[in-house]
Amino acid sequence: MISPLLLAPPAAPRAPRARRLALTVGPAARLAAPPLGVAHVAWQDPDGTLWVGCGRAAAWVVGSSTEARAAAGYEALDRCREALAQLPEAASGLRAFGALAFDPAFPVDPYGASVDLAAFAVPRWLLRVPASAVTRGGPAEAWVACGPDEPADQLEREAVALAAWAGRPSPPAVVPRGMLVPDETDRLDYEEAVRQALDAIRGGALEKVVLARPRFVEAAGHLPPWPLFLALAHRAPSTARFLLVEPEGGAFLGASPECLVALEGQAVRADVLAGTTPRDRDAAVDAARAEALRACPKNRHEHGLVREAVLATLKPFTTALQAPEQPRLLPLPNVWHLHTAVSGRLSEAATLGRLVRALHPTPAVGGTPRDRALELLAELERAGRGCYAAPVGWVGRDAAYMAVGIRSAHLRGNRAVALAGAGIVEGSDPTAEWLETERKLAPMLTALTGGAP
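Residues numbered from 1 in each chain as written. Predicted model: local features only at pLDDT ≥ 70, side-chain atom pairs only at ≥ 80, totals over all residues. Heavy atoms only, no water.

1. Observations concerning the overall build of the protein
Here is step 1 of the chain: When helices and strands are tallied, the protein shows 10 helices and 22 strands.
Here is step 2 of the chain: Over its C-alpha trace the protein gives a radius of gyration of 21 Å, about what one expects of a compact globule, namely 22 Å for 453 residues.
Here is step 3 of the chain: If one aligns the C-alpha atoms of the protein with their principal axes, the spans along those axes are about 65 × 50 × 40 Å.
Here is step 4 of the chain: A buried classification covers 58% of the 453 residues belonging to the protein. (Helix = DSSP H or I, 4+ residues; strand = E, 2+ residues; numbered from the N terminus. Rg over C-alpha atoms; globule rule 2.2 N^0.38 Å. Buried < 20%, exposed > 50% of the residue type's maximum accessible area, 1.4 Å probe, protein only.)

Here is the structure:
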């Protein structure tokens, strides 16, 4: 049973009741998949720490109208954090997980396979497996939670159920093999959209727009989210890996290299990630490509637009804001990115919801000026993005982490759609931008097709 904590009532949000446990678990690949028909979540921090949650003890949700999602989705983050702040120290590690919509004006569920947007929930069972125990097994932390109005002995029942689930090994997860759905017009349509975007940029309507494109995968049977998450985690180290599954079966899966905003006490940080070039197996060629990216005027310009926008957005909410003058090279398995880390201290007026609302979407996933870029996206992209490139992450009592939901896919039944985008600025080449999206799609498509993108 979900205990919904709705945004409408003026009363202070109520926290779930929770208890911490100590468990010993086997390797993550031997964990039983969460039961079908039950909401569940998996999250792997960039350092490798794995979190697996099942069910919902409390949820912060908003209305279904466009206006309600736009106004209240960000407020849900703050109300969630206020409720978790009421937890005793013994339960302070508990987290709520969720995702928002990229743009509430777009269709909520454009591909029939997205999660409950604008909802953050505390799992009934939450397991934290240290990075050292993910592959070998070992000691782990766990929390059980229930709604504030549930029976007094409910926590004990949840603890027994969690221990039984975590201690019951299952056969190693089998990764399904999907097949890419042919699309004869995909490349032609995308390159034409890039040309139209360049016309708008040259006409002075905007400086940058990030155009995304979908690739569809179908399997003979159900695409199970949990083994797909494990497969993706192996292919995307040093990213924030996430899986959100609704009881009805819709899921959102991804491995994001980009932090929209993270809080640790009063410290705040954010990533600027813009500018991309492919990796190469030859070390000398790979190093040359990285240096060419660092020196490329087009990529430096694209990165600079995002850097200045993030700094300007964070300035009213922070003190001691700082960022390096020059970007560094960020290596991922298949691409290099230009990356700038921004950090500061929260001002008294700042809240997580206000920060996320102000930052999203950054020019790295939307464009600049923001409003004009979103208008152009609505014209040029095939459908809404759902959770793609939207805030996805977790909220805790004293910390929070919101990733940008890129390198991701929506799943439902035997069908998946992966999306990737490229930043279009003056100097962009339509063919090169299409190839960039292909490289960004590769890790997800490899996971979805069992190694045969």
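The discussion continues.
2. Details of empty space enclosed by the protein
Empty space among the atoms becomes apparent when a probe as large as a water molecule is rolled across them.
Here is step 1 of the chain: A complete count under the given rule lists five cavities of 30 Å³ or more for this structure.
Here is step 2 of the chain: Space inside the largest cavity adds up to approximately 200 Å³.
Here is step 3 of the chain: Lining of the largest cavity is provided by 24 residues; of these, Ala-364, Ile-406, Arg-407, Gly-421 and Lys-440 occupy positions nearest its centre.
Here is step 4 of the chain: Looking at the lining of the largest cavity, the elements that each hand over two or more residues are β10 (208-218), β14 (267-278), β22 (415-424) and α10 (430-448). (1 Å grid on protein atoms, 1.4 Å probe; cavity = no way out; pocket = protein on both sides within 12 Å on 5 of 7 lines; lining within 4 Å. Points joined across faces, edges and corners; volume = space filled by probe spheres on them.)

3. Some words on the layout of surface pockets
Here is step 1 of the chain: By volume, the largest pocket amounts to about 340 Å³.
Here is step 2 of the chain: Residue contributions to the lining of the largest pocket peak at three residues, all from helix α5 (residues 225-235).
Here is step 3 of the chain: Residue composition of the lining of the largest pocket, by class: 18 nonpolar, five polar and two charged. (Nonpolar A, V, L, I, M, F, W, Y, C, P; charged D, E, K, R; others polar.)

4. Remarks on helix α9 (residues 370-380)
Here is step 1 of the chain: Buried within α9 are the following residues: Ala-373, Leu-374, Leu-376, Leu-377 and Leu-380. The buried side chains of α9 occupy one side of the element, clustering within an arc of 160° when seen end-on. Residues Asp-371 and Glu-379 are exposed on α9 and point more than 90 degrees away from its buried face. (Arc of directions from axis to C-beta.)

5. Concerning the side chain of Asp-78
Here is step 1 of the chain: Mapped onto the fold, Asp-78 is located in helix α1 (residues 66-84).
Here is step 2 of the chain: Although Asp-78 lies buried, it forms no salt bridge, and the closest oppositely charged side chain, Arg-354, sits 5.6 Å away as judged by the N-O distance.
Here is step 3 of the chain: A polar contact is formed between the side chain of Asp-78 and the backbone nitrogen of Leu-352, at a distance of 3.3 Å.
Here is step 4 of the chain: Beyond its immediate sequence surroundings of up to four residues, Asp-78 is in contact with Thr-351, Leu-352, Gly-353 and Arg-354. (Lys, Arg positive; Asp, Glu negative; His and termini not counted. Salt bridge = Lys/Arg side-chain N within 4 Å of Asp/Glu carboxyl O. Polar contact = N/O pair within 3.5 Å; in protein donor to acceptor, adjacent residues only side chain to side chain. Contact = heavy atoms within 4.5 Å.)

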